[in-house]
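If you want the building blocks of each chain, they are given just below.
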Amino acid sequence: MKTSNVLKSVLFTVAIFASAIGFSQDKMMKKEKMMKEETVMVGGAAMYPSKNIIENALNSIDHTTLVAAVKAGELVDVLMGEGPFTVFAPTNAAFEKLPMGTVETLLKPENKKTLQTVLTNHVVSGKWNAKDILKLIKKGNGKAEIKTLSGGILTAWLKGKDVYVTDENGNSAKVIIADVNQSNGVIHVIDTVVLPKS
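Not measured: the values here are computed from a predicted model.

A. Summary view of the overall build of the chain. Summing up its helical and strand segments, the chain has eight helices and nine strands in all. Within the chain, buried positions represent 37% of all 198 residues. Summarising the internal contacts of the chain: among those between residues at least 6 apart in sequence, 58% fall at separations of at least 24. Carbon together with sulfur atoms contributes 59% to the accessible area of the chain, which is approximately 12,000 Å² in total.

Set out below in structure tokens:
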């Protein structure tokens, strides 16, 4: 009887140890996969193609205002969704270009609908890499109109080798980092907030 209990204890310990090793190996394999991924540095952090838009944006110190706005606008679940989405992601410096008090006003709960419209004016359905946008610009004889999730239109165009997007109010944003691939789309970092038609 005692031998049976000892044997059970040994088998139980071996099973626990094997589980721990398996869990540890899974964790190491995931870490190795992430290390092998082709990443782009944004805001001091590597952006992993295996992570979604929100998971990556949370790590960028250049996008804390955008992340706060997405949370306040209750769009986290949308941008963590399957997509695919193309996001023209304004930096903190882009938000600082807006008139004083604009961001604070947009973040108020009573302005959630307006905030959602502003944010979805930066999002396009589908995955549009720089190469795809350049093809559209060429096909459109130097300009390409892109419909946003807010229903607005962004016009993409070239200035030298730089891609710009212009909103319906005439505000232009330069793409400063292109093709930050995500598991559910792609991000293009921009230097100006593109607003919905006023």
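B. Seen up close, the sheet that holds strand β7 (residues 162-166). With mixed pairing, the seven strands of this open sheet are ordered in space as β4-β3-β9-β8-β7-β6-β5. Edge positions in the sheet fall to β4 (123-125) and β5 (143-147), since each of these pairs with one other strand and no more. Adjacent strand axes in the sheet meet at a mean angle of 30°, parallel and antiparallel pairs treated alike. Where strand β3 (residues 85-90) lies against β4, three bridges are found, and the strand directions are antiparallel. By the bridge assignment, phenylalanine 85 is partnered in β4 with serine 125. Seen against the sheet, helix α8 (residues 130-139) touches β3, β5, β6 (153-159), β7, β8 (172-182) and β9 (185-190) and runs at an angle of roughly 90° to β6.

C. Region of the structure containing the pairing of β8. Bridge analysis of β7 against β8 gives three bridges, and the strand direction is antiparallel. Paired with valine 165 across the bridge in β8 is alanine 173. The hairpin turn running from β7 into β8, its antiparallel successor, is five residues long, and glycine 170 in that turn takes a positive phi close to 95°. Turn length for the β8-β9 hairpin, with the two strands adjacent in sequence and antiparallel, is two residues.

D. Examining the pairing of β5 more closely. Of the two faces of β5, only one is covered, namely that formed by Ala144 and Ile146; the face formed by Lys143, Glu145 and Lys147 stays uncovered. The hairpin turn running from β5 into β6, its antiparallel successor, is five residues long, and glycine 151 in that turn takes a positive phi close to 95°.

E. Expanded view of α8. Residues Ala130, Ile133 and Ile137 constitute the buried set of α8. Here the buried residues of α8 occupy an arc of 65° about the axis, which is enough to place them on one side. Projecting away from the buried face of α8 at angles above 90 degrees are the exposed residues Lys131, Lys135, Lys138 and Lys139. Buried residues along α8 sit in contact with β3, β5, β6, β7, β8 and β9. Two residues or fewer past α8, asparagine 141 is found with a positive phi of approximately 55°.

F. How the structure looks around the packing of helix α3 (residues 64-72) against helix α7 (residues 112-120). Taken N-terminus to C-terminus, the directions of α3 and α7 make an angle of 130°; their axes are 9 Å apart at the nearest point. With respect to α7, the element α3 is oriented oblique. Crossing of α3 over α7 shows left-handed handedness. Contacts between α3 and α7 involve Leu66, Ala69, Val70 and Ala72 from the former and Lys112, Leu115 and Leu119 from the latter. Of the residues in the contact of α3 with α7, the class split is six nonpolar, no polar and one charged.

G. Quick peek at the nonpolar core. Counting 26 residues, the largest nonpolar core has Val70, Leu79, Val87, Leu119 and Ile187 as its most contacted members. In this structure isoleucine 187 touches Ile53, Val87, Ala89, Ile177, Ala178, Asp179, Val180 and Gln182, once residues within four positions along its chain are discounted. Within the second largest apolar cluster, 14 residues are counted, among which are Ile137, Leu154, Ala156 and Ile190.

H. How the structure looks around α3. All of the buried residues along α3 are Thr65, Leu66, Val67, Ala69 and Val70. Packing partners of the buried residues in α3 comprise α2 (53-57), α4 (76-80), β3, α5 (92-96), α6 (102-106) and α7. Residue glutamate 74 follows α3 closely and has a positive phi angle near 55°.

Quick notes on the rules
- Residues numbered from 1 in each chain as written.
- Predicted model: local features only at pLDDT ≥ 70, side-chain atom pairs only at ≥ 80, totals over all residues.
- Heavy atoms only, no water.
- Helix = DSSP H or I, 4+ residues; strand = E, 2+ residues; numbered from the N terminus.
- Buried < 20%, exposed > 50% of the residue type's maximum accessible area, 1.4 Å probe, protein only.
- Contact = heavy atoms within 4.5 Å.
- Areas by Shrake-Rupley, 256 points an atom, 1.4 Å probe, with all protein chains shown as cover.
- Pairing = 2+ DSSP bridges.
- Axes fitted to C-alpha atoms, helices over the stretch in contact; angles between N-to-C directions.
- Arc of directions from axis to C-beta.
- Parallel < 35°, antiparallel > 145°, perpendicular 65-115°, else oblique.
- Left-handed = near helix turned anticlockwise from the far one by under 90°.
- Nonpolar A, V, L, I, M, F, W, Y, C, P; charged D, E, K, R; others polar.
- Core = buried A, V, L, I, M, F, W, Y, C linked by side-chain atoms within 4.5 Å.

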